[in-house]
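Structural description and commentary
Residue-level listing of the chains:
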Amino acid sequence: MKLRPNAIATPSLAVLSLFGLLTAFGRDDAPYVPQQQTTAAQRPTAESAQRFAQPTLTEGDYTYTTNGFRQATITSFRKSAADAVAITNALGGHRVIGIGAYAFMVCTNLTRVAIPDGVTEIGEEAFAFCFNLADVTIPRSVTNIGERVFRCSHRLTAITVDAANENYSSLDGVLLDKRQTTLLHYPDGRAGRYVIPGSVTKIAGWAFYSCTGLTEVVISGSVTNIGESTFSRCYRMKDFTVDDTNAKFSSLRGVLFDKSQTVLLRYPGGRRGSCVIPSNATHIHNHAFDSCRILTKIMIPDSVATIGENAFKECVCLTDMRIGNGVTNIGSGAFSSCISLTRVEFKGNAPTPGTTIFRGTNKAVIYHRPGTTGWGKEFGGRPTKEWKP
């Protein structure tokens, strides 16, 4: 799915019933044709372009495809290419209009990229894992930017957008939509504290993913939507601070909650040691503790009824968990890749598990109290034992 800030689809009712976090962006696959005096019927569509599709071609460092309208899309780039690159605007006599999904992925020696005017689309993860990429310039012609486009580009400190672009903008090196109401991507290489601008109402999914130097985020009163996995792998994050005027979100001792503080949305990934979840919480959201790598023990109170998908995924130092008697449902992958987890104690009856809740968690033993029901020899694929406190 490509991020297109002016085409917003309807959020899922399941997520809205909790706290209305996610909003999906639309997509438009019709290639751009800069012809004079053409009608909509005369312009090529994705379907018509596909009929004219040509085999993959190579020129210099580039691999690309073309369509029947003398337009090219870059599909890959030489991985060993180094330093600053001004991406070409033409290949084989075809005007470059697209940078395909994954095209520059793992070009680990790139330091700067300038995208030429005429490019209308940048595919998902196009510049992911470009570990030395420091800054990117986006021209006025770009109308679609894919998800996770700069994922894990750990030295990226600035994204610059041409002021004439009608769809996107940059503010202090951060990528936003044109109206600056949706924050799309925060550069991974930035460190320290960041204050969300007061114009922002939505923080897109993955916007802060893998910002490993970020230590605190201040969420303004204007924010009403926060996307999925937004703060995963922020390994040094210590605190979330939410403006008291915010009607949707709040923070409690640096932890991000919904306004009523019943839904735990995100625990800071840079905190170490033990975590005791407060007794007002009833739901642990999807990815809430995902990649909290230095947590060792977690206590979940009786008030919690549901644990979301991938809630504790990749908590690699976590060794012990105690889960209260109120939990009735556990989402898929909730405790996956917790490679150090050896003991999980359940106080109540067996909850309904999602699929592969302990995937890659191969040391865990599940303990349950005498007199509780629903337990077999295994739970979620892990062995069970009676727990005698």
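So, empty space enclosed by the protein
- On inspection of all chains with the given rule, the structure shows two cavities of 30 Å³ or more.
- Taken as a whole, the largest cavity encloses approximately 140 Å³ of empty space.
- When grouped by side-chain class, the residues that make up the lining of the largest cavity number five nonpolar, seven polar and two charged.

Looking at the sheet that holds strand S8 (residues 110-114)
- One open sheet holds the four strands; their spatial order is S5-S8-S10-S12, and the pairing between them is parallel. Looking along the sheet, the strands with just one partner apiece sit at the ends: strand S5 (83-86) and strand S12 (158-161). Recorded for the sheet is a direction-independent mean angle of 15° between the axes of neighbouring strands.
- Sheet analysis places S8 next to strand S10 (residues 135-138), joined by three bridges and oriented parallel. If you follow alanine 114 over to S10, its bridge partner there is threonine 137.

As for the pattern of salt bridges
- Scanning all chains against the criterion turns up 13 salt bridges.
- Note that arginine 148 and glutamate 124 form a salt bridge whose closest N and O atoms lie 2.9 Å from each other. Taken together, the positions of arginine 148 in the loop between strand S11 (144-146) and S12 and glutamate 124 in the loop between strand S9 (121-122) and S10 put the pair 24 residues apart, joining distant regions of the chain.
- With a relative accessible area of 23%, glutamate 124 lands in the partly exposed category.
- As a salt-bridge pair, glutamate 125 and arginine 151 come within 3.0 Å of each other at their nearest N and O atoms. Of this pair, glutamate 125 sits in the loop between S9 and S10 while arginine 151 is found in the loop between S11 and S12, placing the two residues 26 residues apart along the sequence. The pair glutamate 125 / arginine 151 is uniform in exposure class, with both members buried.
- Each of Glu124, Glu125, Glu147, Arg148 and Arg151 takes part in one network of salt bridges that share partners.

As for the side chain of arginine 266
- Following the sequence through the fold, arginine 266 ends up in strand S23 (residues 263-266).
- Within the buried core, arginine 266 has no salt-bridge partner, and the shortest N-O distance to an opposite charge, that of aspartate 290, equals 5.1 Å.
- A distance of 2.7 Å separates the side chain of arginine 266 from the backbone oxygen of histidine 287, its partner in a polar contact.
- A distance of 2.7 Å separates the side chain of arginine 266 from the backbone oxygen of aspartate 290, its partner in a polar contact.

Some details on the packing of aromatic side chains
- All chains considered together, the criterion is met by 18 aromatic pairs.
- With centroids separated by 6.1 Å and ring planes inclined at 85°, the aromatic side chains of phenylalanine 129 and phenylalanine 131 adopt a geometry described as edge-to-face.
- Phenylalanine 131 sits in the partly exposed class, given a relative accessible area of 35%.
- Taken together, the aromatic side chains of Tyr62, Phe77, Phe104, Phe127 and Phe150 make up a single cluster linked through ring pairs.
- Sitting above the plane of the tryptophan 206 ring, arginine 148 keeps its charged end 5.0 Å from the centroid.
- Here arginine 369 stacks its cationic end above the ring of tryptophan 387, 4.6 Å away from the centre of that ring.

Points about the confidence of the model for the protein chain
- In this model, the protein chain carries an average pLDDT of 89, and 86% of its residues clear a pLDDT of 70 or more.
- Low pLDDT, under 50, characterises residues 4-51; the predicted model gives this stretch 84 contacts beyond four residues in sequence or across chains.

Observations concerning the state of the cysteines
- As enumerated under the stated definition, the model contains zero disulfides in all.
- Looking at cysteine 234, it has no disulfide partner, and the nearest cysteine sulfur is the one in cysteine 211, 5.2 Å off.
- Free of any disulfide, cysteine 338 has its nearest cysteine sulfur in cysteine 315, 5.0 Å distant.
- A residue is classified by how much of its surface remains accessible, and cysteine 338, at 0% relative accessible area, is buried.

Criteria and thresholds
- Once a new chain begins, its residue numbering starts again from 1 and follows that chain's sequence as written.
- Given that the model is predicted, a residue must reach a pLDDT of at least 70 before its local features are reported, and side-chain atom pairs must reach 80 or more before they are shown or counted; all residues, however, enter totals for whole chains, interfaces and linings.
- In computing side-chain properties, one takes all heavy atoms of the structure into account and sets aside hydrogens as well as water.
- Points on a 1 Å grid, built from protein atoms alone, make a cavity when a 1.4 Å probe fits but cannot get out and make a pocket when they are open with protein on both sides within 12 Å along at least 5 of 7 lines; residues with an atom within 4 Å of a point are the lining residues.
- Grid points are joined across faces, edges and corners, and a volume is the space filled by probe spheres set on the points.
- Following the grouping adopted for this structure description, the nonpolar residues are Ala, Val, Leu, Ile, Met, Phe, Trp, Tyr, Cys and Pro, the charged ones are Asp, Glu, Lys and Arg, and the polar ones are all others, Gly among them.
- At least two DSSP bridges between two strands are required for those strands to pair.
- Each helix is a run of DSSP H or I of at least 4 residues and each strand a run of E of at least 2, with the numbering of both proceeding from the N terminus.
- Note on definitions: angles span 0 to 180 degrees between N-to-C directions of axes, and those axes are lines fitted to C-alpha atoms, for helices only across the stretch in contact.
- Note on definitions: salt bridges are taken to be side-chain nitrogens of Lys or Arg within 4 Å of carboxyl oxygens of Asp or Glu.
- Exposure is judged per residue with a 1.4 Å probe applied to protein chains only, and the accessible area is read against the type maximum: over 50% gives exposed, under 20% gives buried, and values in between give partly exposed.
- In this tally, Lys and Arg are treated as positive and Asp and Glu as negative; His is ignored, and so are the chain termini.
- Under this definition, polar contacts are N or O atom pairs within 3.5 Å; protein pairs additionally need one hydrogen-donor-capable and one acceptor-capable atom, and for neighbouring residues in sequence, both atoms have to be side-chain atoms.
- Any two of the Phe, Tyr and Trp rings considered here, Trp counted by its six-membered ring, make a pair once their centres fall within 6.5 Å; the pair's planes then place it as stacked at under 30 degrees, edge-to-face at over 60, or tilted in between.
- Two conditions define a charge sitting above a ring: the NZ of Lys or the CZ of Arg must be within 6 Å of the ring centre, and it must be within 35 degrees of the ring normal.
- The score called pLDDT rates the predictor's confidence residue by residue, from a low of 0 to a high of 100.
- Whether two residues are in contact is decided by their heavy atoms, any of which lying within 4.5 Å being enough.
- Here, two cysteine sulfur atoms that lie within 2.5 Å of each other are counted as a disulfide.

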